[in-house]
Amino acid sequence: MNKGDRERLLHICRYCIDIGDFIQRFGNEFNNFINDRAYMNAVCMSVLQIGELANGLSEEFREETKGQMPWGMIRGMRNWLAHAYSSMDESIIWETATNDIPSLLEFCEKQLEKDQVTHGTDHD
């Protein structure tokens, strides 16, 4: 993994953790999510940032891991949030936050751990 991919994965992890923190803070209830704009906006912005970071991952990394992570869908969610925000389906965002984000966090942590074992602290 190159240094840029590693940095992006670290940032993706941070946004995934943020989403988990939002869910813990505001409540793991869909009704809380749809009735609290601060909650919804916080989650949406984090999902959007994850998509932006995923878009910046190297083609090589995305290709190597495409069987484990749907990078195209992640980038598509970013585009949907950025361009169709007023017509978004809150249930899809909720499902993403509660079901997909934990899996993404686990994937990124494993990739970072694997890279650490393989390369130590030196990255090009």
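Residues numbered from 1 in each chain as written. Predicted model: local features only at pLDDT ≥ 70, side-chain atom pairs only at ≥ 80, totals over all residues. Heavy atoms only, no water.

## Remarks on the packing of aromatic side chains
This model, assessed by the stated rule, comprises nine aromatic pairs. Look at F33 and Y39: their rings are 5.4 Å apart centre to centre, the planes differ by 90°, and that puts the pair in the edge-to-face class. Among the residues examined, Y39 registers a relative accessible area of 0% and is labelled buried. Aromatic pair F61 and F107: ring centres 6.5 Å apart, planes at 55°, arrangement tilted. Taken together, the residues F61 in helix α4 (residues 59–65) and F107 in helix α6 (residues 90–119) connect sequence positions 46 residues apart. Through successive ring pairs, a cluster of aromatic residues spans F26, F30, F33, Y39 and W94. (Phe/Tyr/Trp six-rings, centres within 6.5 Å; stacked < 30°, edge-to-face > 60°. Buried < 20%, exposed > 50% of the residue type's maximum accessible area, 1.4 Å probe, protein only. Helix = DSSP H or I, 4+ residues; strand = E, 2+ residues; numbered from the N terminus.)

## A few points about the pattern of salt bridges
Within this structure, the stated rule accounts for seven salt bridges. With its nearest N and O atoms 2.7 Å apart, the salt bridge here joins E59 to R62. Of this pair, E59 and R62 are both found in helix α4, three residues apart, which corresponds to roughly one turn of the helix. It is possible to trace a salt-bridge network through shared partners that takes in R14, D18 and D21. (Salt bridge = Lys/Arg side-chain N within 4 Å of Asp/Glu carboxyl O.)

## A closer look at the packing of helix α1 (residues 3–26) against α6
Two numbers describe how α1 lies on α6: the axes approach to 9 Å, and their chain directions differ by 145°. Handedness of the α1/α6 crossing: left-handed. Two secondary-structure elements touch here, α1 through R6, L9, L10, I12, C13, C16, I17, I19 and I23 and α6 through A97, T98, I101, L104, L105, C108, E109, Q111, L112, D115 and Q116. Residues belonging to the contact of α1 with α6 are distributed by class as follows: 14 nonpolar, three polar and three charged. (Axes fitted to C-alpha atoms, helices over the stretch in contact; angles between N-to-C directions. Left-handed = near helix turned anticlockwise from the far one by under 90°. Contact = heavy atoms within 4.5 Å. Nonpolar A, V, L, I, M, F, W, Y, C, P; charged D, E, K, R; others polar.)

## Focus: α1
Along its 24 residues, α1 runs 35 Å from first to last C-alpha, staying within 8% of the 34 Å computed at 1.5 Å per residue. All buried positions along α1 are accounted for by D5, R6, L9, I12, C13, C16, D18, I19, F22 and I23. Where α1 is buried, its residues meet α3 (37–56), α4 and α6. Backbone nitrogen of G4 and a side-chain oxygen of the N-cap are separated by 3.0 Å at the start of α1; the cap is N2. Where α1 ends, the next residue or the one after it, G27, has phi of about 110°, a positive value. (Expected span 1.5 Å × (residues − 1). Polar contact = N/O pair within 3.5 Å; in protein donor to acceptor, adjacent residues only side chain to side chain.)

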